[in-house]
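Observations on the three-dimensional arrangement
As a plain string of letters, each chain reads:
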Amino acid sequence: QKEVEQDPGPLSVPEGAIVSLNCTYSNSAFQYFMWYRQYSRKGPELLMYTYSSGNKEDGRFTAQVDKSSKYISLFIRDSQPSDSATYLCAMSGQAGTALIFGKGTTLSVSS
Amino acid sequence: GAVVSQHPSWVICKSGTSVKIECRSLDFQATTMFWYRQFPKQSLMLMATSNEGSKATYEQGVEKDKFLINHASLTLSTLTVTSAHPEDSSFYICSARDTQGDEKLFFGSGTQLSVL
């Protein structure tokens, strides 16, 4: 079993839809959770950062972490064509260590 | 967020030559930088952890003599692909974490290496 599992999609939705992206993980020591957005041939851009469990909201984006289920989610409300990109979940256990990434989910929002 | 600058963004080279990629943290100091590699439609794979003033730590399966990493200052790390071959063609991305900040990791824009 891989440390971080993420459905690669692709996921296609109409403009205005609510998008749900998810990752599962196996290492119970993970406590830092991040979501990145990556456009083709560009470096990942940090969207959301969460420490331990709970929810975090930033504009149209909401991140949720359920450590008991080893499951994290990213919700995008009122999705826009500009949201079309690959979304990567990432996590780590110890402070100062490298992030472990999911495979990324490719999202396409049509107008 | 913090800015990480990576150059060049695209390089084409002949087989057998060496290529140097630079990664700079522009508005913060980074004791540690990370180098990742990404193949098309694949996730980011950690290659090595670069520590300022000391030797880099390489992940299993990554040849340290082929991928030379230097982290001479708190704002600059370089990756040199020595004697590049076509199988080294990939997207290389550096990342850095603010020494004075939290666990957020910021990425450069990536370097697409094509070895002919």
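Higher on the page you've got the structure.
In this text, all values refer to a predicted model and were calculated from it rather than measured experimentally.

Side note on the state of the cysteines
Residue and element names in this part refer to chain A.
- Enumeration over the complete set of coordinates arrives at two disulfides over all chains.
- Sulfur-sulfur distance for the disulfide between cysteine 23 and cysteine 89 comes to 2.0 Å. Its torsion about the S-S bond being -100°, the disulfide of cysteine 23 and cysteine 89 is classed as left-handed. In this pair, cysteine 23 sits in strand β3 (residues 19-25) while cysteine 89 sits in strand β9 (residues 85-92), placing the two residues 66 residues apart along the sequence. Cysteine 89 shares its class with cysteine 23; the two are buried.

Brief notes about the interface of chain A and chain B
- Counting from both sides, the interface comprises 20 residues of chain A and, opposite them, 22 residues of chain B.
- Across the chain A/chain B interface, buried area totals approximately 1600 Å², and carbon plus sulfur atoms make up 61% of it.
- Linking chain A with chain B are zero salt bridges.
- The interface formed by chain A and chain B holds nine residue pairs in polar contact (both at pLDDT 80 or more) in total.
- Only β4 (32-38) and β5 (45-51) of chain A provide two or more residues apiece to the side of chain A that touches chain B.

Here we look at the sheet that holds strand β7 (residues 61-66) of chain A
All names here are of chain A.
- Read across the open sheet, the five strands follow the order β1-β3-β8-β7-β6; overall the sheet is antiparallel. Taken across any chain shown, the strands that pair with only one partner, and hence form the sheet edges, are β1 (4-5) and β6 (54-58).
- Summarising the sheet, β3 and strand β8 (residues 71-76) pair through six bridges and their orientation is antiparallel. Of the residues in β8, the one forming a bridge with cysteine 23 is isoleucine 72.

Details of the environment of B:Leu76
All names here are of chain B.
- For leucine 76, the position within the fold is in strand β8 (residues 76-81).
- What makes leucine 76 buried here is its relative accessible area of 19%.
- Along the chain, leucine 76 and glutamine 38 lie 38 residues apart, while their C-alpha atoms are 21 Å from each other.
- Excluding its chain neighbours within four sequence positions, the residues that come into contact with leucine 76 are Glu22, Cys23, Arg24, Met33, Asn70 and His71.

So, the pairing of strand β7 (residues 67-73) of chain B
- Examined bridge by bridge, β7(B) and β8(B) share five bridges and lie antiparallel to one another. Paired with B:Ser73 across the two strands is B:Leu76, which belongs to β8(B).

Structural notes on the layout of surface pockets
- For the largest pocket, the calculated volume is near 560 Å³.
- Residue lining of the largest pocket: 22 residues in total, with A:Thr86, B:Phe39, B:Pro40, B:Lys41 and B:Gln42 positioned closest to the centre.
- The set of elements that each furnish at least two residues to the lining of the largest pocket consists of β9 and β11 (105-110) of chain A together with β9 (90-96) of chain B.
- Taken together, the residues of the lining of the largest pocket sort by class into seven nonpolar, 11 polar and four charged.
- Around the second largest pocket sit 20 residues that line it, and A:Ile100, A:Phe101, B:Ser43, B:Leu44 and B:Met45 are the ones nearest its centre.
- Listed by contribution, the elements that provide at least two residues to the lining of the second largest pocket are β1 and β10 (100-101) of chain A together with β5 (44-51) of chain B.
- In terms of residue class, the lining of the second largest pocket is made up of nine nonpolar, six polar and five charged.

A closer look at a nonpolar patch on the surface
- A contiguous nonpolar patch, built from B:Trp10, B:Ile12 and B:Leu116 and spanning about 360 Å² of accessible area, is present on the exposed surface.
- Examined against the element boundaries, B:Leu116 turns out to sit in the segment after β11 (111-115).

Details of the sheet that holds strand β3 (residues 19-25) of chain B
Residue and element names in this part refer to chain B.
- The strand order β1-β3-β8-β7 describes an open sheet built from four strands, whose pairing is antiparallel. Across the chains shown, the open sheet's two edge strands, defined by having one partner strand only, are β1 (4-7) and β7. Adjacent strand axes in the sheet meet at a mean angle of 15° when their direction is disregarded.
- Pairing geometry for β1 and β3, over four bridges, is antiparallel. In the sheet register, valine 4 faces β3, and the bridge partner there is serine 25.

Cut-off values and rules
Residues numbered from 1 in each chain as written. Chains lettered and ligands numbered in written order. Predicted model: local features only at pLDDT ≥ 70, side-chain atom pairs only at ≥ 80, totals over all residues. Heavy atoms only, no water. Disulfide = S-S within 2.5 Å. Helix = DSSP H or I, 4+ residues; strand = E, 2+ residues; numbered from the N terminus. Buried < 20%, exposed > 50% of the residue type's maximum accessible area, 1.4 Å probe, protein only. Contact = heavy atoms within 4.5 Å. Buried area = accessible area lost by both parts, 1.4 Å probe. Salt bridge = Lys/Arg side-chain N within 4 Å of Asp/Glu carboxyl O. Polar contact = N/O pair within 3.5 Å; in protein donor to acceptor, adjacent residues only side chain to side chain. Pairing = 2+ DSSP bridges. 1 Å grid on protein atoms, 1.4 Å probe; cavity = no way out; pocket = protein on both sides within 12 Å on 5 of 7 lines; lining within 4 Å. Points joined across faces, edges and corners; volume = space filled by probe spheres on them. Nonpolar A, V, L, I, M, F, W, Y, C, P; charged D, E, K, R; others polar. Patch = residues over 30% accessible without salt bridge, like charges linked within 9 Å, V, L, I, M, F, W, Y side chains within 5 Å. Areas by Shrake-Rupley, 256 points an atom, 1.4 Å probe, with all protein chains shown as cover. Axes fitted to C-alpha atoms, helices over the stretch in contact; angles between N-to-C directions.

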